[in-house]
Each structure stands twice: as structure tokens, then as C-alpha cells.
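# Summary of the model geometry
Chain by chain, the residues run as shown.
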Amino acid sequence: IDMGDNAGRVIKIGGGKWSVVDSAPVLFRRTKLTGTMPHPHTGELSRLWDFVPIAESDRPLLLAFMVQALIEADVPHPILLLLAEQGAAKSSITRAVVSLLDPSPVPLRQPPRDQTGWVTAASASWVVALDNLSGTLPEWLSDSLCRASTGDGDVRRQLYTDSDVAVVRFRRVVVGNGVDVVVDRGDLGERLLPVDLKR
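Now for a look at the structure at hand. (Residues numbered from 1 in each chain as written. Predicted model: local features only at pLDDT ≥ 70, side-chain atom pairs only at ≥ 80, totals over all residues. Heavy atoms only, no water.)

A few words now on the overall build of the chain. Counting its secondary structure elements, the chain contains six helices and eight strands. In the chain, the succession of helices and strands from N to C terminus is β-β-α-α-β-α-α-β-α-β-β-β-α-β. Rg of the C-alpha trace for the chain: 17 Å, near the compact-globule value of 16 Å for 199 residues, within the 12% margin. Its C-alpha atoms put the chain at 55 × 45 × 25 Å along the principal axes. Here the chain has roughly 11,400 Å² of accessible surface; of this, 53% comes from carbon and sulfur atoms. Here the chain holds 22 positive side-chain charges and 24 negative ones, and the gap between their average locations is 5 Å. (Helix = DSSP H or I, 4+ residues; strand = E, 2+ residues; numbered from the N terminus. Rg over C-alpha atoms; globule rule 2.2 N^0.38 Å. Areas by Shrake-Rupley, 256 points an atom, 1.4 Å probe, with all protein chains shown as cover. Lys, Arg positive; Asp, Glu negative; His and termini not counted. Charge placed at Lys NZ, Arg CZ, Asp CG, Glu CD.)

Side chains of nonpolar character tend, in soluble globular proteins, to be buried together. One finds Val52, Leu62, Phe65 and Leu80 to be the most contacted residues of the largest nonpolar core, which totals 25 residues. Those elements giving two or more residues to this core turn out to be α1 (48–51), α2 (59–71), β3 (79–83), α3 (90–101), β4 (127–136), β7 (173–182) and β8 (192–196). Looking at this core, the element that brings in the most residues is α3, giving five residues. Counting residues in hydrophobic clusters, the runner-up holds 18 residues, among them Leu81, Val119, Cys146 and Val174. (Core = buried A, V, L, I, M, F, W, Y, C linked by side-chain atoms within 4.5 Å. Buried < 20%, exposed > 50% of the residue type's maximum accessible area, 1.4 Å probe, protein only.)

Attention now moves to the pairing of strand β1 (residues 10–14). The side chains of a regular strand alternate, first on one face of the sheet and then on the other. The sheet contact formed by β1 and strand β2 (residues 17–21) spans five bridges and is antiparallel. For Ile13, the partnering residue across the bridge sits in β2 and is Trp18. Where β1 folds back on β2, the antiparallel hairpin that results is connected by two residues, among which Gly15 adopts a positive phi of roughly 60°. (Pairing = 2+ DSSP bridges.)

Across its 12 residues, helix α5 (residues 139–150) extends 17 Å between first and last C-alpha, which sits within 8% of the 16 Å expected from 1.5 Å per residue. Along α5, the residues classified as buried are Leu141, Ser142, Ser144, Leu145, Cys146, Ala148 and Ser149. Positive backbone phi, at 135°, marks Gly151, one or two positions downstream of α5. (Expected span 1.5 Å × (residues − 1).)

Within helix α4 (residues 115–123) the residues assigned to the buried category are Trp118, Val119, Ala122 and Ser123. Looking down the long axis of α4, one finds its buried residues gathered within 110° of arc, a one-sided arrangement. (Arc of directions from axis to C-beta.)

Here we come to the sheet that holds β7. The four strands are arranged β4-β7-β3-β8 in an open sheet whose pairing can be described as parallel. At either end of the open sheet lies a strand with only one pairing partner, and these are β4 and β8. Across the sheet, the axes of successive neighbouring strands diverge by a mean angle of 25°, strand direction being ignored. Sheet topology note: the β4/β7 ladder contains seven bridges and is parallel. Paired with Thr136 across the two strands is Val182, which belongs to β7. α2 rests against β3, β7 and β8 of the sheet, and its axis sits at about 145° to β7. (Axes fitted to C-alpha atoms, helices over the stretch in contact; angles between N-to-C directions. Contact = heavy atoms within 4.5 Å.)

Further remarks concern unusual backbone geometry. Phi is positive for Asn132, close to 60°, though the residue is something other than glycine. The residue Asn132 is located in strand β4 in this model.

Shape descriptors only; they carry no functional weight alone.
This is the structure we're talking about:
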């Protein structure tokens, strides 16, 4: 895992152990949305629930989601949807989850207006967190979320002056939150991992 620091350090995970090393066996891509990971340490997992107060029955689901997001890059990921009524600190909890997986100067994003905006935002970071989703999601956004979960791509003309194309390919970890999110498409419903937040 790229720590995102100037020294180029990475967290190496293998054989049930982790360590911080000074060089990576692969080249990581960084954007202006890449933040610095905190130095990992052995701690008490139960302290997580002080910052991410979710229903006890949903805690194993969130942990499994987070572990997969950290160690399995090239597999489809479920879409984490944090649901709660107003005043349940949805944005703060989403920000805490994102900071543990993929720190960023902009951890939360507003829902995109169109597919072009989605591709631009989603391709720039590992975890894409959409804040304050509401109502029935537009069909194009529902489809885009599904494709990002399993692997998405887009082809655009590279420059207005030539006929070459730019190819953008990505698979992302997606987190969303909202009060009254309506999912009326089966393919998105199959990929969702809903988690209830306490007020």
C-alpha cells in the first residue's frame, strides 16, 4: 500500500504480517487527491467504533469491506452505502472510513452531474466517497457505480487537434451515504453493502 509520503514508503503485507519498507516493487500512480497514510501501528480494533459508530451487527461487514479494499486491488468490490436519518454524522463517519483506506485532501465528493464528471472523479483516487445521496439514483449513475465496482473504462479523443484517443481504465472502491436513497435497479442492488448508522 502506497503511504503517499515524499519518502516513497509503502506498507508491505504478506504472510499475515505487515511492515513499512522504503521502496515498492511496483510503481504507484499518484494524483493531487493522494494523501499521506498514517503510520500503521498495532492497536485495539474496538477503538474504531468510537469514530465509526455503526450497528454492532454490521461491524463485521464494514471490517470485511475495509480489509478487501486495502489488500485486494484487482477484484470487484461491493459498494458501501451508509444509511441513516438526519443528524447521524453520515459525512463524518464516511470521512473516517475514507481516511483509513485512501487519505485525500477531498475525502468526500458531491454526486456527479454526468458520466464525464464521474469518470474524471473516480479515476483520480482509489476510494470514491459520494456524500449525501438522495432519492432515486439516475440510471446513468447507477450503471456507472456498478461498472466502477467491477471495472470501468472510458475512451475519449485525446486532443482536439488529432484523432488519437485517451483510454481511462479503473476499478474503484465506492462509498456512499444518504438518508432516503432509493435503489430501483437490480444490478446495483446486488452490489450494495448497506450499513445502518446510529443516531
